[in-house]
Amino acid sequence: AQKVTQAQTEISVVEKEDVTLDCVYETRDTTYYLFWYKQPPSGELVFLIRRNSFDEQNEISGRYSWNFQKSTSSFNFTITASQVVDSAVYFCALSGGSFGNEKLTFGTGTRLTIIP
Amino acid sequence: GAVVSQHPSWVICKSGTSVKIECRSLDFQATTMFWYRQFPKQSLMLMATSNEGSKATYEQGVEKDKFLINHASLTLSTLTVTSAHPEDSSFYICSARGVQDGGNTIYFGEGSWLTVV
């Protein structure tokens with residue numbers, strides 16, 4: 001069975017601070033995909049990143065960066081110089097299969113509040 | 001980019017009535033669609049996997065007679081909540097697997113808020 005754990009239920013930081021959201025996963029699949037989504041109050045899921053299990057390179061996209069550590073089964077997400085618009089619930093998710101296009105197992109989410 | 005649209009975005013219905021939520025892939029063919037449910041301040045839980053032209057596969061604990069899923073075409077899947085009750089009030093969101101790009105990508109709809117009064 002697959003499992004995603006986001007131990008941080010809620011985080012509050014002051015604007016411009018850096019913040020890291022933790023994600024730990026469990027799977028028996030040798031090939032799998034990891035995702036991060038942002039969910040603003042309106043509800044829609046905003047896709048942030050998809051990473052396959054064979055690509056352990058860290059990725060940076062603007063103020064966002066992701067650290068994939070297969071040895072510790074973690075896929076952490078860091079926001080640098082946080083902004084109020086970053087306030088949302090963030091979900092880490094896991095998908096098995098060869099293409100990452102199967103059903104997703106979501107973590108419980110981390111509610112991030114950026115204080116102006 | 002690929003777009004998945006859900007309708008309605010918001011719906012309020014009376015207890016005991018049925019309500020239908022549509023999930024459409026607007027610019028691609030979706031052989032598979034997934035339906036998720038999210039209770040307030042909780043995570044998204046998969047309800048069922050819907051394949052075009054065949055019966056949906058439901059997750060354990062999801063009542064197939066209560067949550068009817070139809071995937072009659074490559075661009076449309078519907079979720080009907082039958083005899084809705086207040087405990088069915090939730091956020092329902094679909095995702096679609098596109099045939100394009102080798103089926104590598106999943107696209108989510110905007111979600112539908114259901115309130116049963």
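All values derive from a computational prediction rather than experimental measurement.

What counts as what
- Residues numbered from 1 in each chain as written.
- Chains lettered and ligands numbered in written order.
- Predicted model: local features only at pLDDT ≥ 70, side-chain atom pairs only at ≥ 80, totals over all residues.
- Heavy atoms only, no water.
- Buried < 20%, exposed > 50% of the residue type's maximum accessible area, 1.4 Å probe, protein only.
- Helix = DSSP H or I, 4+ residues; strand = E, 2+ residues; numbered from the N terminus.
- Pairing = 2+ DSSP bridges.
- Axes fitted to C-alpha atoms, helices over the stretch in contact; angles between N-to-C directions.
- Contact = heavy atoms within 4.5 Å.
- Salt bridge = Lys/Arg side-chain N within 4 Å of Asp/Glu carboxyl O.
- Polar contact = N/O pair within 3.5 Å; in protein donor to acceptor, adjacent residues only side chain to side chain.
- Disulfide = S-S within 2.5 Å.

Enquirer: Can you explain the pairing of strand β10 (residues 88–96) of chain A? Please cite residues and give values.
Expert: All names here are of chain A. The buried count for β10 comes to 9 of 9 residues, which makes it a mostly enclosed element. A two-sided burial pattern is seen for β10, the buried positions comprising Ala88, Tyr90, Cys92, Leu94 and Gly96 on one face and Val89, Phe91, Ala93 and Ser95 on the other. As paired elements, strand β5 (residues 32–39) and β10 share 8 bridges and run antiparallel to each other. Of the residues in β10, the one forming a bridge with Leu34 is Leu94.

Enquirer: Account for the sheet that holds strand β1 (residues 4–7) of chain B, with residues named and values stated.
Expert: All names here are of chain B. On the basis of which strands lie adjacent, the open sheet formed by 4 strands has the order β1-β3-β8-β7 and antiparallel pairing. In this open sheet, the two edge strands, each paired with only one partner strand, are β1 and β7 (67–73). Between one strand axis and the next, the sheet turns through 15 degrees on average, direction left out of account.

Enquirer: Tell me what's going on with the environment of Leu26 of chain B, and back it up with residues and numbers.
Expert: Residue and element names in this part refer to chain B. Relative to the elements of secondary structure, Leu26 occurs in the loop between β3 (19–25) and β4 (30–38). With 13 residues separating them in the primary sequence, Leu26 and Cys13 have C-alpha atoms 27 Å apart. Leaving out residues up to four positions away in the same chain, Leu26 has contacts with Val3 and Ser5.

Enquirer: Describe the interface of chain A and chain B, with residues and values.
Expert: Counting from both sides, the interface comprises 19 residues of chain A and, opposite them, 19 residues of chain B. Between the two partners, chain A and chain B, sit 1 salt bridge. Residue Glu59 of chain B pairs with Lys103 of chain A through a salt bridge whose shortest N-O separation is 3.5 Å. Where chain A touches chain B, the interface holds 5 residue pairs in polar contact (both at pLDDT 80 or more).

Enquirer: Quick rundown of the pattern of salt bridges? Include the residues and the values.
Expert: All names here are of chain B. If you walk through the whole model with that rule in mind, you get 6 salt bridges over all chains. Residue Glu22 is joined to Arg24 by a salt bridge in which the shortest nitrogen-to-oxygen separation is 3.4 Å. Given a relative accessible area of 34%, Arg24 falls into the partly exposed group. Measuring nitrogen to oxygen at the nearest pair gives 2.8 Å for the salt bridge that ties Asp88 to Lys66. With a gap of 22 residues between them, Asp88 in the loop between β8 (76–81) and β9 (90–98) and Lys66 in the loop between β6 (57–58) and β7 connect regions that are remote in the sequence.

Enquirer: Please give an account of unusual backbone geometry that cites residues and values.
Expert: With omega at 0 degrees, the peptide bond leading from His7 of chain B into Pro8 of chain B counts as cis. With respect to the helices and strands, the residue Pro8 of chain B is situated in the loop between β1 and β2 (10–13). For Lys16 of chain A, which is not glycine, the phi torsion reads 85 degrees and is therefore positive. Secondary-structure assignment places Lys16 of chain A in the loop between β2 (10–14) and β3 (19–21). Positive phi outside glycine occurs at Lys41 of chain B, with the angle close to 60 degrees. With respect to the secondary-structure elements, Lys41 of chain B resides in the loop between β4 and β5 (44–51).

Enquirer: Any details on the state of the cysteines? Residues and values, ideally.
Expert: Inspection of the entire model under this criterion finds 2 disulfides over all chains. Across the disulfide from Cys23 of chain A sits Cys92 of chain A; the S-S distance is 2.0 Å. The chirality of the disulfide connecting Cys23 of chain A with Cys92 of chain A is left-handed, given an S-S dihedral of about -65 degrees. A residue pair is termed long-range when its members are at least 10 positions apart, and Cys23 of chain A in the loop between β3 and β4 (24–26) and Cys92 of chain A in strand β10 qualify at 69 residues. Each member of the pair, Cys23 of chain A as well as Cys92 of chain A, carries the same accessibility label: buried. The disulfide bridge from Cys23 of chain B ends at Cys94 of chain B, spanning 2.0 Å between sulfur atoms. The S-S bond linking Cys23 of chain B to Cys94 of chain B shows a torsion near 80 degrees; that makes this disulfide right-handed. Placement of the pair is Cys23 of chain B in strand β3 and Cys94 of chain B in strand β9, with a sequence separation of 71 residues. Across the pair, Cys94 of chain B and Cys23 of chain B agree in class, each one buried. Take Cys13 of chain B: it sits in no disulfide, and the sulfur closest to it among the cysteines is that of Cys94 of chain B, at 18 Å. Given a relative accessible area of 9%, Cys13 of chain B falls into the buried group.

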